[in-house]
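Here's the letter readout for the chains.
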Amino acid sequence: MLHNKKVLLGVTASIAAYKATYLVRLFIKAGAEVRVILTESAKDFVTPLTLSTLSKNPVYSEYFNGKTGGWNSHVELAEWADIFVIAPLSANTMAKMVQGICDNLLLATYLSARCPVFFAPAMDLEMYQKPIVQENIESLQMMGHILIPAGSGELASGLEGEGRMEEPENIIKQIEQYSIPDNSLKGKKILISAGPTREYLDPVRYISNHSSGKMGVSLAIEASRRGGEVTLVHGPIKLKTPPSVKAHPVVSADEMFEACMKYFPESDVIVMSAAVADYKPAQLAVSKIKKSDSDFSLALVKNRDILKTMGESKKEGQYLVGFALETENERENANKKLVSKKLDMIVLNSLKDEGAGFDHSTNKVTLIKRSGAMLELPLKSKSEVARDILNDICRTLI
Ligand code: PMT
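Reading guide: rules and limits
Residues numbered from 1 in each chain as written. Predicted model: local features only at pLDDT ≥ 70, side-chain atom pairs only at ≥ 80, totals over all residues. Heavy atoms only, no water. Pairing = 2+ DSSP bridges. Helix = DSSP H or I, 4+ residues; strand = E, 2+ residues; numbered from the N terminus. Axes fitted to C-alpha atoms, helices over the stretch in contact; angles between N-to-C directions. Contact = heavy atoms within 4.5 Å. Near = heavy atom within 4 Å. Polar contact = N/O pair within 3.5 Å; in protein donor to acceptor, adjacent residues only side chain to side chain. Areas by Shrake-Rupley, 256 points an atom, 1.4 Å probe, with all protein chains shown as cover. Phe/Tyr/Trp six-rings, centres within 6.5 Å; stacked < 30°, edge-to-face > 60°. Buried < 20%, exposed > 50% of the residue type's maximum accessible area, 1.4 Å probe, protein only. Lys NZ or Arg CZ within 6 Å of the ring centre and 35° of its normal. Domains from an automatic or database assignment. Buried area = accessible area lost by both parts, 1.4 Å probe. Salt bridge = Lys/Arg side-chain N within 4 Å of Asp/Glu carboxyl O. Nonpolar A, V, L, I, M, F, W, Y, C, P; charged D, E, K, R; others polar.

Asks: I would appreciate a short explanation of the sheet that holds strand β13 (residues 246–249) in the present structure.
Replies: Working definition: the strands of a sheet are paired by backbone hydrogen bonds and lie parallel or antiparallel to each other. Within the open sheet, the eight strands sit side by side as β13-β12-β9-β14-β17-β18-β20-β21. Their pairing is mixed. Each edge of the sheet is formed by a strand with only one pairing partner; in this case those strands are β13 and β21 (374–376). The mean angle between the axes of side-by-side strands here comes to 15°, regardless of whether they run parallel or antiparallel. In the packing of helix α12 (residues 330–340) onto the sheet, contacts are made with β17 (319–326), β18 (345–350), β20 (365–369) and β21, and the angle to β18 comes to roughly 150°.

Asks: Quick question: what am I supposed to make of the site of the ligand here?
Replies: The local shell around the ligand holds 27 residues, among which Ser211, Ser212, Lys337, Asn349 and Asp359 are the closest. With respect to the ligand, the backbone of Lys214 contributes an N or O atom lying 3.3 Å from an oxygen atom. Contacts to the ligand include Met272, whose backbone N or O atom sits 2.7 Å from an oxygen atom. Protein coverage of the free-state accessible area of the ligand, which is 770 Å², stands at 95%. Contributing elements (two or more residues each) for the shell around the ligand: α9 (214–225), α11 (306–313) and β17. Broken down by element, the shell around the ligand gets its largest block of residues, four residues, from β17.

Asks: Sorry, what's going on with the packing of aromatic side chains here?
Replies: The description of two aromatic rings rests on the distance between their centres and on the angle between their planes. Counting across every chain of the model gives three aromatic pairs. A centroid spacing of 6.4 Å and a plane angle of 85° characterise the contact between Tyr18 and Tyr22, whose relative ring orientation is edge-to-face. A relative accessible area of 48% means that Tyr22 is categorised as partly exposed. Directly above the aromatic system of Tyr178 lies the positively charged group of Arg225, at a separation of 4.2 Å from the ring centroid. A cation sits over an aromatic face here: Arg304 above Phe257, 3.9 Å from the ring centre.

Asks: Is there a simple way to explain the domain arrangement of the protein in this structure?
Replies: Many descriptions give the size of an interface as the accessible area lost when the pieces come together. Domain annotation for the protein reports domain 1 (6–179) and domain 2 (189–397). The straight-line distance from the C-alpha centre of domain 1 to that of domain 2 is 35 Å. Counting the surface lost from both domain 1 and domain 2, the interface buries some 790 Å², and carbon and sulfur atoms represent 57% of this. Its largest share of buried area at the contact with domain 2, domain 1 owes to Glu138, Met142 and Tyr178, together 71% of the area lost on that side. In this structure, Glu138 and Lys214 form a salt bridge, with 2.4 Å as the shortest nitrogen-oxygen distance. The interface formed by domain 1 and domain 2 contains four residue pairs in polar contact (both at pLDDT 80 or more). If you tally residues by element for the side of domain 1 that touches domain 2, the top one is helix α7 (residues 131–142), at three residues. Within the side of domain 1 that touches domain 2, the residues separate by chemical class into two nonpolar, two polar and one charged.

Asks: What is the right way to look at the side chain of Ser61 in this model?
Replies: Mapping Ser61 onto the fold places it in the loop between β3 (59–60) and α3 (74–80). From its side chain, Ser61 meets the backbone oxygen of Leu38 in a polar contact 2.8 Å long. Not counting residues up to four positions away in its chain, the partners in contact with Ser61 are Leu38, Glu40, Lys43 and Leu105.

In structure tokens, the structure reads:
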């Protein structure tokens, strides 16, 4: 898969930078052409001479090229690359990538890159586990970049745990696997819903839930990677969506209903992962409801069920997938939804499972088909769950 591919390897400051030398050799062995960008501090861990000798190309670190008197163009490097692999990726460079900070050649090239970006974090246990680092890993994935997760084992500090950069052989394997052209959804129109809805009772208050949109955005990224024409109808979320996905933001369940039903007739595959409010306030006050001395009751009316409406009007050939978020009698409840909403498949996730459901970057799901077939999956990142769901859908469609 890597034969004749132009691989740009970014190396940042980490003890794992020594593994970049093996990585270069393996890329060359696989028939790729390799250029390396090294940050200034990475030079303390691995020398430009070693990487230049192994890659058979000059190594880039600065904008100014002392030898030619010209400059190393970040734009030219970014345009040259078929794939950009940043390994090892330090916590510092990772945070800068998320924020769009551009204070060295590697970061400027990253910001100019249009090719797929793979990143292999490497850091010590405590750093790797810090919520901000985990958040940054998630953000990069949500931007459509591909995580090569750190492994577990003995770390340079002597601590044991997660944070070791993946071994070069496995990095190559994962990149090769990902690089197999996947056009399994080419020519298909895919509709995905994501995130929460907000049901306002007055101009300052609303009823909502904890959905972050991560599950739906991961599905949209994966479906578009497979060549699908993807429309993502999403409630209020903080995540950015890639340009390859047509995003249609909404706020309330009513707006989500209208938007979804607009795209539904022309969609081949519909995956509804949004957490739509089942009820909305019966009345929307024009101005802020004032506090009084007595208790306050709120009358709620039922929202329309988008998925059920789709199930009832589904045409031959449309594939309809719902989600079920359960807290008890999970399979029984999910099965009831599968039948009553006339779905082809339901994706069950339970709040009883640690790391599953709202807001986590992971999920643990069971796929339940109309035929009764069931596939229980272990806890995985939401990107991997999205891959599994779409693998299953594509297998059924073909
Ligand atoms: O967004 P994240 O933080 O990543 O979290 C992901 C998730 C937990 C929101 C997601 O995995 C999930 O479970 N989504 C469905 C949540 C939900 O509302 O489930 P439900 O069992 O109440 O609804 C069943 C199905 O009917 C869902 O597909 C829902 O989109 C759909 N529905 C529900 C109500 C309604 N009025 N219209 C609908 O279409």
